[in-house]
Amino acid sequence: ADFAVGTNPLAVALGDFDGDGKLDLATANPGSDNVSVRLGDDAGNFGTATDFVVGDSPDAVAVGDFNADGKLDLVVANADSNDVSVLLNTYTTEALTCAAGQYDDGNSCVPAAPGYYVPNAGATTQTPCAAGTYQPNSGATSCLAAAAGNYVDVTAAAAQIACAAGTYQPDTGASSCIAAAAGNYVDTSGASTQTACGVGTYQPNTGASNCLLAAAGNYVDTTMAIIQTACAVGTYQPNTGASSCLAASPGNFVNATAAMAQTACAPGSFQSNSGATSCNQATPGNFVAASGSANQTACSAGTYQPNNGASSCLAASTGSFVATTGATAQALCPVGTYQSNIGAASCTQAAPGNFVSVTGALAQTACSAGTYQPSAGQSSCLAAAAGSFVALTGASTQTACPAGKYQPNSGANSCTSASAGYFVNQIGASTQTACPAGSYQSNTGASSCTLASSGFYVPLPAALAQLACLSGTTSLVGATACTALQYNFVGFFQPVDNAPTVNTVNAGQAIPVKFSLTGNQGLNIFAAGYPASQPIACSSGNGISPIEETVTAGASSLTYDATTDRYHYVWKTDKAWKGTCRKLIVRLKDGTTREALFQFK
């Protein structure tokens, strides 16, 4: 059979403790720090255990009559308190002795009520549990310490109370709970510990059951924080419960603490860095068109910006240009160039035939008549040189005066025709030339002069006409004076008849032409290029005489027959002359001319 005793009984001793001659038992109980005594009935049964409080962790018990009163006493060895407890036997058979956990109310043994205990047998009263302890059961010999996370704040408590949320108790046997410290919280009842507020939260008060989220614009970067920290300038936080702040991103800024949002840089300003408290104005030569820009943009070629903080660039005006990017000013087009459009990156060179004489020109100017310009990009035009002219505006070249005309001046828009009596035989002449003596020119604009004909003469230069030689005189072509005849011409002799008679002959025959100069004048009697023939119109009005004599065809030749004092000139005709008429011209070196007419069959 099993008999309940105290906690963790370790040692047992036997003896007759009540003097009834029956063995009783006593146990040392280190778990409950007491000794349990049960009285035996010699039938193997033992009565209700009576517990006696002793020292800490009793682990041995012995029996003996220590006070020599004839009753067995107990001695207990206490391991943790390092002492021994001696329990003297006070049992009497005449009086009522209640076991531990009970007390004598004068009538009977009554179990200790909940919230009370009776530690020893023979008690006449029960003892209330002290604050910090409790006893939910009746008949208890001791009270229970309030567990960690609980407390008992009154005596005679039958139950412990769980620490409310916001409080905790790490120890046993407590009569109160501890309020959670600032920066901590307890969110459940019966807690034995408090919990530190996590990052992003804080608690300025004690006894809190939760932590506060860091407000937007603030942060908490440590645990157990009692305050939140405002985001510094250059940073912001749009959310609650943050453990850090966000740096203002490029193109934005934050210029106040505790900011919940960043502010975009306005057009005309920018910010290339993060965490900025302000934006930078666009510098001259640059612009920022949109808000929230991280960088400024250089003005493109053709535009410029002289000011700070611009949201756009200025187009170069007409007559001006901007050649590079990032320009702070426009430049006037230099002389020789122009620009008719706005926003130009360069100027246009004046085209050949044009010029620009001032800076900042909007247009080029055409060279006036009399001037020209062969090159591009010039600031003036060139005057046409003497001997040349420019007739139209916008010319890129000058034109040389043609033969027959001249121009003594520069800058002319036309040439002057050579005067009558004068000539210009080359192009680009600046002067006219008088026809020399022996020649003349009756027309203006001539490129040459006409030589005085045979029988005529021109005694002075710049003549408009030739003069006929007087009777009895003659002249060669181009003569400046007439001279007396050198030859006494007689003829023509048969078979050739003199004009106006027309001689008929077969084309291709050789005709002997006979005449006399009154003596042998030598064979060098003909003027240069003579004799010669030229076609004439055939006419039926003149007398016609056939040629009675011809010679064998061969090369034309001249001979002199001293016997007859006659010159013989063999004229070789051409078969192709058939059906035509021609005139034979015999011109002598004295300038005289004789002619004969022929019709070819």
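Residues numbered from 1 in each chain as written. Predicted model: local features only at pLDDT ≥ 70, side-chain atom pairs only at ≥ 80, totals over all residues. Heavy atoms only, no water.

Before going further, it helps to spend a moment on the side chain of Asn354. Inspection of the secondary structure assignment puts Asn354 in strand E38 (residues 354-355). Of the polar contacts made by the side chain of Asn354, one reaches the backbone oxygen of Pro352; its length is 3.4 Å. (Helix = DSSP H or I, 4+ residues; strand = E, 2+ residues; numbered from the N terminus. Polar contact = N/O pair within 3.5 Å; in protein donor to acceptor, adjacent residues only side chain to side chain.)

This part takes up the layout of surface pockets. Counted as a void, the largest pocket has a volume near 530 Å³. Taken together, 23 residues line the largest pocket, and the ones lying closest to its centre are Val37, Thr50, Phe52, Tyr91 and Ala121. In this structure, the second largest pocket encloses a volume near 210 Å³. Lining of the second largest pocket is provided by 16 residues; of these, Asp51, Gly139, Ala140, Thr141 and Ser142 occupy positions nearest its centre. Of the residues contributing to the lining of the second largest pocket, the split by class is 7 nonpolar, 8 polar and 1 charged. (1 Å grid on protein atoms, 1.4 Å probe; cavity = no way out; pocket = protein on both sides within 12 Å on 5 of 7 lines; lining within 4 Å. Points joined across faces, edges and corners; volume = space filled by probe spheres on them. Nonpolar A, V, L, I, M, F, W, Y, C, P; charged D, E, K, R; others polar.)

Another point: the sheet that holds strand E56 (residues 510-516). Read across the sheet, 4 strands follow the order E54-E56-E60-E59 without closing on themselves; strand pairing throughout is antiparallel. In the strand order of this sheet, the two ends are held by strand E54 (490-493) and strand E59 (557-561), each with one partner. Each adjacent strand pair in this sheet contributes to an overall mean axis angle of 20°, direction not counted. Note: E59 against strand E60 (residues 566-572), 5 bridges, orientation antiparallel. Paired with Leu558 across the two strands is Tyr569, which belongs to E60. (Pairing = 2+ DSSP bridges. Axes fitted to C-alpha atoms, helices over the stretch in contact; angles between N-to-C directions.)

Here we take up the side chain of Ser57. Of note, Ser57 is situated in the loop between strand E4 (50-53) and strand E5 (58-64). Setting aside its immediate chain neighbours within four residues, Ser57 contacts Pro30, Asp33, Ala77, Asn78, Ala79 and Asp80. (Contact = heavy atoms within 4.5 Å.)

In this structure, Ile525 and Trp571 are the most contacted members of the largest nonpolar core, which totals 23 residues. Broken down by secondary-structure element, the contributors of at least two residues to this core are E56, E60, strand E61 (581-587) and strand E62 (593-600). Once you skip the residues sitting within four places of it in the chain, Ile525 turns out to touch Tyr487, Phe515, Leu517, Leu558, Tyr567, Arg587, Leu588 and Lys589. The next biggest cluster of nonpolar side chains, apart from the first, holds 12 residues, and it includes Ala11, Ala13, Val35 and Val61. (Core = buried A, V, L, I, M, F, W, Y, C linked by side-chain atoms within 4.5 Å. Buried < 20%, exposed > 50% of the residue type's maximum accessible area, 1.4 Å probe, protein only.)

Let us now look at a nonpolar patch on the surface. Taken together, the side chains of Phe66, Val84, Val86 and Leu88 present a nonpolar region at the surface, about 370 Å² in accessible area. Along the polypeptide, Val86 turns up in strand E7 (residues 83-87). Taking relative accessible area as the criterion, Val86 reaches 48% and is therefore assigned partly exposed. (Patch = residues over 30% accessible without salt bridge, like charges linked within 9 Å, V, L, I, M, F, W, Y side chains within 5 Å. Areas by Shrake-Rupley, 256 points an atom, 1.4 Å probe, with all protein chains shown as cover. Salt bridge = Lys/Arg side-chain N within 4 Å of Asp/Glu carboxyl O.)

This paragraph deals with the state of the cysteines. Scanning all chains against the criterion turns up 13 disulfides. The side chain of Cys401 participates in a disulfide bridge whose partner is Cys415; the two sulfur atoms lie 1.9 Å from each other. On the S-S bond that ties Cys401 to Cys415, the torsion sits near -85°, and the link is left-handed. Here the residue Cys401 occupies a position in the loop between strand E43 (399-400) and strand E44 (405-406), and Cys415 occupies one in the loop between E44 and strand E45 (416-417), the gap between them amounting to 14 residues. According to the relative accessible area criterion, Cys401 is buried, its value standing at 0%. (Disulfide = S-S within 2.5 Å.)

A word on the packing of aromatic side chains. Summed over all chains, the structure comprises 12 aromatic pairs. Residues Phe489 and Phe515 carry aromatic rings whose centres are separated by 5.2 Å and whose planes lie at 25° to one another, so their mutual orientation is stacked. Residue Phe489 is located in the loop between strand E53 (483-484) and E54, and its partner Phe515 is located in strand E56; the two are separated by 26 residues in the primary sequence. As far as burial versus exposure is concerned, Phe489 and Phe515 are alike and both buried. (Phe/Tyr/Trp six-rings, centres within 6.5 Å; stacked < 30°, edge-to-face > 60°.)

Strand order in the open sheet formed by 4 strands is E1-E2-E3-E4, with antiparallel pairing between adjacent strands. Because the sheet does not close on itself, it has two edges, and the strands there are strand E1 (11-15) and E4. Averaged over all neighbouring strand pairs, the angle between strand axes comes to 20°, with direction disregarded. Note that E1 and strand E2 (residues 24-29) share 5 bridges and pair antiparallel. If you follow Leu14 over to E2, its bridge partner there is Leu25.

Across the junction of Gln494 and Pro495, the peptide omega takes the value 20°, indicating a cis bond. Within the element layout of this structure, Pro495 appears in the loop between E54 and strand E55 (502-505). With omega at 15°, the peptide bond leading from Ala499 into Pro500 counts as cis. For Pro500, the location among the structural elements is in the loop between E54 and E55. At Ala68, a residue that is not glycine, the phi angle is positive and equals roughly 60°. Within the fold, Ala68 resides in the loop between E5 and strand E6 (73-78). Its identity is not glycine, yet Ala156 carries a phi of approximately 60°, on the positive side. By the secondary structure assignment, Ala156 is in the loop between strand E14 (150-151) and strand E15 (161-162).

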